[in-house]
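Residues per chain are reported as follows:
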Amino acid sequence: MPMTRRSLLEGLAAVGGTSLLLMGMEAFGMGIASEASLPPPLQGGGKGKSVVILGAGIGGLTAAYELGRAGYRVTVIEARDFAGGRSQTAKAGFQLTELGGETQTCRFDAGHYINHGPWRIPFHQRSTLHYVKAFGVEVELFNNDNDASYVYFTKGGGPLANRPLRKMELAADMRGRAAEILAKSTKAGALDLPLSAEDRDLFVAYLTAEGYLDKASLDYAGTEGRGWLVKPGAGLVGGTPSTPYKLTDLLHSKAWQVLASVSNWDQQRTMFQPRGGMAMLPAAFAARVGKAIRYGTVVERIRQDGAGVTVSTRDAKGRVAEVKADYCLCTIPLSVLKMIDNGLSDGHRTAMNGVSYAPVGKIGLQMKRRFWEDNHAIYGGHVYTDNPDIGVISLPSTGWMGAKGVLLGYYNFMGDAAKVSALSPADRAKLAVAFGQKIFPEYADSFESAFSVAWHRVKYNLGGWATWSDEARARDYPVLLQPDGRIYLAGEHLSHIGGWQAGAIESAWMQIDAIHKRASAA
Amino acid sequence: MRAALLGLLLALPATAAPADGQQLFAHNCAACHMPDGAGIPGAFPALAGNAFVTGDPAAAAATVLNGRGGMPSFRDGLTDEEVAAVLSYVRAHFGNTAAAVPAETVAATRTGKAAEPARPMPAH
């Protein structure tokens, strides 16, 4: 049997155990050192030791669950009345009051919701999926890429701008046209390619397959995957093919900007979502660590000395209390932590200024009819636009073929999110519906109610997720990974998986491992 | 790849009209710093009577370009002229009386690379 890379790695594992296996994987450039699939084994346990955890988001819940299981005495301080942090689901009755804004109450029908925070779990985020599986959280597939969905670009020109194109048409034609040019040029010897004659033939064969080209002429004349003019059925004629778009029209539409050979690592097709909303995941954690959580309690002051950490808190009734513990794991977003009397060293406080937080906006729109399914045959996925106020319109991957549905009417970032968030909730909905109407003629008539969030205006978050400049990542991030005395920081902001729940989980794993090693040595 | 695509999607068309500080403020700043520049205590600093805002123009420009704490970077979203216009507006309103900021000051401050931007939603 020939020695494949896999068999070599298996051999290394057999001889030298995991560490040799890891070294072998590193040597192959498959290093997994910064990614974790399983929580750290907290060997020896934590009996008689205590940790106060600040924040019951996914990071804090992870730490509370694992440390609690290992025997640590754990107290979790949570400002909100519920667990989950940004992992929220708005359904009927859910309320949100943004800073400087009015109170919104979600009016969706029973069974309908919007995940206005995290909404999807990529297949490779093994850490998040570890808890999904361990807790038996029921999930369904999240359609993160739908060939039938529309691309609607407004800033280009020509006949294909300002009109919805099916992504299947756009992808087939753009890539078919490009493959045709490349294949014909290669065959004619017009390109100075560093390829042997045999390789050149294979290259042309690849392009022919990639672009659905005619094998003899190398012409691209469309392909059934771009859709039909008349679909095949049971009649005498087996369907009427559709006509591909012209290359010049495709180019001028600028809609090709959504195309790439493969999606980014964190945007590939196969994703999951908890059935019933993302809040089901923190609910599963809270069911296991709930008694350790003090809800409706804000952190007012953090102090430490050689013996431990003291956290001063205030609950909703104004009662103040002190929580003392051997160590503190603080998962409060840095945008919020820097406003608290945190007692951190100058080094940590300076480093916290290196991060900035992304303004992020989302809006859920309840539609009385699933017209995107009934009339357009679009089941889940995203409608792509170049309008930065809107970003995408995402169709729900739940409640298929039901009566109503809640879609995501916009997902905006940064300055665009700041701009849209200055509108009242009613005006945000107007903006979203007016744009959607350009793509779907049924949009405005079907609209029933909206629920929007601007994360930068949400009191205990002040931003959607942390963003690091290259300089701050090099200068400040390493500082914040180190403990400040007995205080450890964790969260999506202290990972390279920013903005994802996996970042919070793996950051928590890393820091509880560090706390445990130190506590065990003490 | 992510950054490149985002750049395409967010690229703003160059406008010939002079940057309007008041409108830029309404669009980019007012959601957090509030329309009257009073901020929200404990979350968003007031711009009215703020010594940092009315102080060193380069430091103020750097904050708009790079973000800080809960504040995002506006490096990719605003041109030098627009940053200058919005800073000049803030420095001359809400009771503030500091001098205008020239675009050259912003340009000189614009060094280094932006924070990793929010993820776009690419297809394939």
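Residues numbered from 1 in each chain as written. Chains lettered and ligands numbered in written order. Predicted model: local features only at pLDDT ≥ 70, side-chain atom pairs only at ≥ 80, totals over all residues. Heavy atoms only, no water.

Just to check I follow, could you spell out the pattern of salt bridges for this structure?
A side chain with one charge can pair with a side chain of the opposite charge if their charged atoms come near. Residues and elements named next belong to chain A. Evaluated as defined, the whole model comprises 28 salt bridges over all chains. Taking the shortest distance from any N to any O, the salt bridge between Glu 448 and Lys 404 comes out at 3.0 Å. Here Lys 404 lies in the loop between strand E20 (392-395) and strand E21 (405-413) and Glu 448 lies in strand E22 (residues 447-454), a separation of 44 residues in the sequence. (Salt bridge = Lys/Arg side-chain N within 4 Å of Asp/Glu carboxyl O. Helix = DSSP H or I, 4+ residues; strand = E, 2+ residues; numbered from the N terminus.)

Hey, could you run me through empty space enclosed by the protein in this one?
Empty pockets left among the atoms are what a rolling probe the size of a water molecule brings to light. All names here are of chain A. Taken as a whole, this structure holds two cavities of 30 Å³ or more when the rule is applied. What lines the second largest cavity is a set of 15 residues, and nearest its centre among them are Ile 114, Trp 119, Gln 273, Pro 396 and Val 406. Elements that contribute at least two residues to the lining of the second largest cavity include exactly E20 and E21. It is E21 that provides the largest number of residues to the lining of the second largest cavity, a total of three residues. The residue makeup of the lining of the second largest cavity, split by class, is nine nonpolar, five polar and one charged. (1 Å grid on protein atoms, 1.4 Å probe; cavity = no way out; pocket = protein on both sides within 12 Å on 5 of 7 lines; lining within 4 Å. Points joined across faces, edges and corners; volume = space filled by probe spheres on them. Nonpolar A, V, L, I, M, F, W, Y, C, P; charged D, E, K, R; others polar.)

Mind showing me how you'd approach the nonpolar core here?
A general trend in soluble globular proteins is that nonpolar side chains are found buried together. By size, the foremost hydrophobic cluster in this structure holds 39 residues, and its most contacted members are Val 51, Ile 53, Leu 67, Phe 285 and Leu 329 of chain A. Elements supplying a minimum of two residues to this core: strand E1 (50-54), helix H2 (58-69), strand E2 (73-77), helix H3 (126-134), helix H7 (280-289), strand E16 (327-330) and helix H16 (501-521) of chain A. Here the element with the most residues in this core is H16 of chain A; it accounts for seven residues. In this structure, Val 51 of chain A is in contact with Leu 67, Tyr 72, Arg 73, Val 74, Thr 75, Ala 325, Tyr 327, Leu 329 and Ile 515 of chain A, ignoring residues within four places of it in sequence. Formed by 37 residues, the second largest nonpolar core is a distinct cluster that contains Ala 472, Tyr 477 and Leu 480 of chain A together with Ala 43 of chain B. (Core = buried A, V, L, I, M, F, W, Y, C linked by side-chain atoms within 4.5 Å. Buried < 20%, exposed > 50% of the residue type's maximum accessible area, 1.4 Å probe, protein only. Contact = heavy atoms within 4.5 Å.)

How do you make sense of the sheet that holds E16 of chain A when you look at a structure like this?
Two strands in a sheet stick together by hydrogen bonds in their backbones, pointing the same way (parallel) or opposite ways (antiparallel). Residue and element names in this part refer to chain A. If you walk across this open sheet you meet the five strands as E12-E2-E1-E16-E24, and the pairing is parallel. At either end of the open sheet lies a strand with only one pairing partner, and these are strand E12 (293-294) and strand E24 (487-489). Summarising the sheet, E16 and E24 pair through three bridges and their orientation is parallel. By the bridge assignment, Cys 330 is partnered in E24 with Leu 489. (Pairing = 2+ DSSP bridges.)

Looking at this structure, how should I read helix H12 (residues 425-439) of chain A?
An α-helical turn contains 3.6 residues, so a residue and the one three or four places further along point in the same direction. Residues and elements named next belong to chain A. Its 15 residues give H12 an end-to-end C-alpha distance of 22 Å, which sits within 8% of 21 Å, the value for a rise of 1.5 Å per residue. Here H12 has its buried residues at Pro 425, Arg 428, Ala 429, Ala 432, Val 433, Phe 435, Gly 436 and Ile 439. The arc enclosing the buried residues of H12, seen along the axis, measures out at 165°, which places them on a common side. For H12, the exposed residues lying more than 90 degrees away from the buried face are Ala 426 and Lys 430. (Expected span 1.5 Å × (residues − 1). Arc of directions from axis to C-beta.)

Looking at this structure, I do not really get the confidence of the model for chain B. What am I missing?
Regions with low pLDDT should not have their predicted coordinates read in detail. All names here are of chain B. Across chain B, pLDDT averages 81, with 76% of residues at or above 70. Looking at the elements of chain B, mean pLDDT is at its lowest for helix H1 (residues 2-10), recorded as 40, and at its highest for helix H5 (residues 80-91), recorded as 96. Across residues 1-16, confidence stays below pLDDT 50; counting only partners more than four residues off in sequence or on other chains, it has 23 contacts. As scored by the predictor, the complex reaches a pTM of 0.89 and an ipTM of 0.77. (pLDDT = per-residue confidence, 0-100.)

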